[in-house]
Amino acid sequence: IIIWMFYVTAKNNKNKHMKNIIQLILIMFVTISVAQQTPAPAQKESILITGATAHIGNGTVIENSAVGFENGKITFIGKASEANTSNYNQVIDASNKHVYPGFIALNSTLGLVEIDAVRATDDEDEVGSLLPHIRSLIAYNAESKIVESMRPNGVLMGQITPRGGRISGTSSVVQFDAWNWEDAAIKTDDAIHLNWPNSLKRGRPWRGEEPGLKPNEDYNHEINEVTSFLTEAKAYFSGDEKPRNLPFEATEGLFNGSKKLFIHVDGAREITDAINFGEKIGVQNMVIVGGDQADKVSNMLASKNIPVVIQRPHRLPSNNDENIKHTFMLASLLNKAGVLCGIDPSGGMERMNTRNLPFYAGTFAAYGLEKEKAVQLITENAAKIAGIDAFAGTITTGKDATLFISEGDALDMRTNIISNAFIQGRAISLETHQTELWHRYSNKYKQQ
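Residues numbered from 1 in each chain as written. Predicted model: local features only at pLDDT ≥ 70, side-chain atom pairs only at ≥ 80, totals over all residues. Heavy atoms only, no water.

## Brief notes about the side chain of Thr170
By the element assignment, Thr170 lies in strand S10 (residues 167-175). Among the residues examined, Thr170 registers a relative accessible area of 2% and is labelled buried. Contacts of Thr170, omitting those with residues within four sequence positions, involve Pro132, Ile134, Arg135, Ser136, Pro162, Asp189, Asp190, Ala191, Ile192 and Lys259. (Helix = DSSP H or I, 4+ residues; strand = E, 2+ residues; numbered from the N terminus. Buried < 20%, exposed > 50% of the residue type's maximum accessible area, 1.4 Å probe, protein only. Contact = heavy atoms within 4.5 Å.)

If you want it as structure tokens, here you go:
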């Protein structure tokens, strides 16, 4: 009411500047103040899902299955005929439906930006270039309405990743039903993200440069800058570690294997250079993100057990001479070469489009990848890449009961209609701002 009074006063006084400010505040207040659904309480009763086709997440499919879980953990997986329903407090009949592990979004900025046009809600990029100590987790907004919209499509977990600079910072993995970032975190500080320089750059005609690609004269210098930084960081740990250096401290996990280095890089030459760089300075675990030309160096990636988080397929090839369907076929090409792959949902409108993660996997399945291999891209493979496969990624006894029931094929947008979803055994709400609008206008047209 007070804000509205200021607005009316500004309007009456014809103060255009004040009027614009108050309008912006009103938009922010209405948009941000409405929180998402209340997080579900801990699982109290044991649950058994029977009759569904269970997609385990590791390539295995069980027809007419039974999936039981208690206290947030899976206690039974097998044929429905083998399950004792009397051992469970609640039995859900999922005949003719499908059960999947919760899908995992890698390299995502979900929860870091709410409204692109409102700078106060944008916290994905920190000032500076070499920032391994910047932690995305503490900026994660567990009450984001965009995050809430992931759940009706089965996207229940995500690796929240910072952007910008040469070394963007450190990511963490969260589940999408929480009060705050502390509750959401399921793996903290899992990886440091490095944006590898390009060996080529495009000419800028507005600065008098010739258009088209040309060699990047600063390429080696940019590599040396990162090499020097991480070499000094490694040397820091062999000394007395004084004075204290927070950026150096954040890199320790790269050298002892407790933290991965996600290298964002596309070109075949750049991928090769990045791998050689990582091995030279002693990085234990590397992951390629993007990897547009990863198929050209797939043998090297497979031999060194380096995973690739592939760009989403719904885009044009980056090179003019590339097969127009290359982006759709990349997962199949890398899978045949024995490379562990996940899906990178980043790009234009990435946060709202991350809900299409299962349909990206479905597109890869339509272009040469087996259907269950496509499911693995966003379940078991993603869990392995994020380092959470010990408790997530597959429907396996002893792992978290993070899973959902779909009316049909979850990789097909026509049939992925989710009736129930659980995160760590908790029955979560599937209502969002979008579903509320859908109900509202469905009723409107039914009345007419």
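On we go.
## Considerations on helix H10 (residues 326-336)
Structurally, the α-helix is built with 3.6 residues per turn, so residues lying three or four positions apart point the same way. Taken together, the buried positions of H10 are His326, Thr327, Phe328, Leu330, Ala331, Ser332 and Leu334. Looking at the buried residues of H10, the elements they touch are helix H9 (298-303), strand S16 (308-311), strand S17 (341-344), helix H12 (357-366) and helix H13 (371-377). A positive phi of about 85° marks Gly338, the residue just after H10.

## What about the confidence of the model for the protein?
When the pLDDT values of the protein are averaged, the result is 91; 92% of them are 70 or greater. Predicted confidence is poor over residues 29-34, with pLDDT under 50, and the contacts of this stretch with residues over four places away or in other chains come to 5 contacts. (pLDDT = per-residue confidence, 0-100.)

## With respect to a nonpolar patch on the surface
Together, Leu437, Tyr441 and Tyr445 make up an exposed nonpolar region whose accessible area comes to about 300 Å². Residue position: Leu437 is located in helix H15 (residues 433-447). (Patch = residues over 30% accessible without salt bridge, like charges linked within 9 Å, V, L, I, M, F, W, Y side chains within 5 Å. Areas by Shrake-Rupley, 256 points an atom, 1.4 Å probe, with all protein chains shown as cover. Salt bridge = Lys/Arg side-chain N within 4 Å of Asp/Glu carboxyl O.)

## A few points about H12
Of all 10 residues that make up H12, 9 are buried, and the element is covered over most of its length. Those residues of H12 that fall on the buried side of the exposure criterion are Leu357, Pro358, Phe359, Tyr360, Ala361, Gly362, Thr363, Phe364 and Ala365. Two residues or fewer past H12, Gly368 is found with a positive phi of approximately 105°.

## Some words on the pairing of strand S1 (residues 47-50)
On any regular strand, side chains alternate: one points to one face of the sheet, the next to the other face. Where burial is concerned, the two faces of S1 agree: the one with Ile47 and Ile49 and the one with Leu48 and Thr50 are both buried. Alignment of S1 against strand S6 (residues 90-93), held across 4 bridges, turns out to be parallel. From the neighbouring strand, Leu48 faces S6, where its bridge partner is Val91. Pairing of S1 with strand S4 (residues 65-70) involves 4 bridges; the strand directions are antiparallel. Paired with Thr50 across the two strands is Ala66, which belongs to S4. (Pairing = 2+ DSSP bridges.)

## Digging into the packing of helix H5 (residues 219-236) against helix H8 (residues 268-281)
Between H5 and H8, whose axes approach to 10 Å, the crossing angle comes to 25°. Taken together, the axis directions place H5 and H8 in an arrangement best described as roughly parallel. Two packed elements cross with a definite hand, and for H5 against H8 that hand is right-handed. Mapping the contact onto sequence places Tyr219, Val226, Thr227, Leu230, Thr231 and Lys234 in H5 and Arg269, Glu270, Asp273, Phe277 and Ile281 in H8. A breakdown of the residues in the contact of H5 with H8 according to their chemical character gives 5 nonpolar, 2 polar and 4 charged. (Axes fitted to C-alpha atoms, helices over the stretch in contact; angles between N-to-C directions. Parallel < 35°, antiparallel > 145°, perpendicular 65-115°, else oblique. Left-handed = near helix turned anticlockwise from the far one by under 90°. Nonpolar A, V, L, I, M, F, W, Y, C, P; charged D, E, K, R; others polar.)

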